[in-house]
Amino acid sequence: MSKPWQDKAKGNWNIAKGKLKQKWGVLTDDDLDYAEGKEDELLGKIQKRTGESKANVNAFLEDLKY
């Protein structure tokens, strides 16, 4: 089951990547490679690089204004 941010991200991932890098400067383009169906893997990469909880990362993504 997809989360709201996943549906929004499909069409606007470049915008989301920029906002993620602004929020967490340690993230790279490689960290933020988005592949449909691999959302949990993407969240794991973001968590590992930033030290944030899954809930915090999800909340940030869901609050993004595209």
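Calculation rules
Residues numbered from 1 in each chain as written. Predicted model: local features only at pLDDT ≥ 70, side-chain atom pairs only at ≥ 80, totals over all residues. Heavy atoms only, no water. Salt bridge = Lys/Arg side-chain N within 4 Å of Asp/Glu carboxyl O. Helix = DSSP H or I, 4+ residues; strand = E, 2+ residues; numbered from the N terminus. Buried < 20%, exposed > 50% of the residue type's maximum accessible area, 1.4 Å probe, protein only. Phe/Tyr/Trp six-rings, centres within 6.5 Å; stacked < 30°, edge-to-face > 60°. Core = buried A, V, L, I, M, F, W, Y, C linked by side-chain atoms within 4.5 Å. Contact = heavy atoms within 4.5 Å. Expected span 1.5 Å × (residues − 1). Axes fitted to C-alpha atoms, helices over the stretch in contact; angles between N-to-C directions. Parallel < 35°, antiparallel > 145°, perpendicular 65-115°, else oblique. Left-handed = near helix turned anticlockwise from the far one by under 90°. Nonpolar A, V, L, I, M, F, W, Y, C, P; charged D, E, K, R; others polar.

### Description of the pattern of salt bridges
Phase 1: All chains considered together, the criterion is met by four salt bridges.
Phase 2: Look at the salt bridges and you will find they share partners, linking Lys-17, Lys-21 and Asp-29 into a network.

### Digging into the environment of Ala-16
Phase 1: As for its placement among the helices and strands, Ala-16 is situated in helix 1 (residues 4–23).
Phase 2: Residue class for Ala-16 comes out buried when judged on its relative accessible area of 0%.

### Let's talk about the packing of aromatic side chains
One pair of aromatic rings is described through two measures. These are the centre distance and the angle between the planes.
Phase 1: Taken as a whole and assessed by the stated rule, the structure comprises two aromatic pairs.
Phase 2: Centroid distance Trp-13 to Tyr-34: 5.0 Å. Interplanar angle 35 degrees. Geometry classified as tilted. Of this pair, Trp-13 sits in helix 1 while Tyr-34 sits in the loop between helix 1 and helix 2 (39–50), placing them 21 residues apart in sequence.
Phase 3: You can call Trp-13 buried: its relative accessible area is 9%.

### Some points on the nonpolar core
Phase 1: Leu-20, Trp-24, Leu-32 and Ile-46 are the most contacted members of the largest nonpolar core, which totals 13 residues.
Phase 2: Elements supplying a minimum of two residues to this core: helix 1, helix 2 and helix 3 (54–63).
Phase 3: With near-sequence residues (within four places) excluded, Leu-32 lies in contact with Trp-13, Lys-17, Leu-20, Lys-21, Leu-27, Leu-42 and Ile-46.

### So, helix 2
Phase 1: The end-to-end C-alpha separation of helix 2 is 16 Å, in line with the 16 Å expected for 12 residues at 1.5 Å each.
Phase 2: Just downstream of helix 2, Gly-51 is the residue with a positive phi angle, here 80 degrees.

### Notes on the packing of helix 2 against helix 3
Phase 1: At their nearest, the axes of helix 2 and helix 3 sit 10 Å apart, and the two run at 110 degrees to each other. Here helix 2 is positioned roughly perpendicular relative to helix 3, judged by the angle of their axes. Here the hand of the crossing between helix 2 and helix 3 comes out right-handed. On helix 3, the residues that touch Asp-40, Leu-43, Ile-46 and Gln-47 of helix 2 are Lys-54, Val-57, Asn-58 and Leu-61.
Phase 2: Classifying every residue of the contact of helix 2 with helix 3 by side-chain character gives four nonpolar, two polar and two charged.

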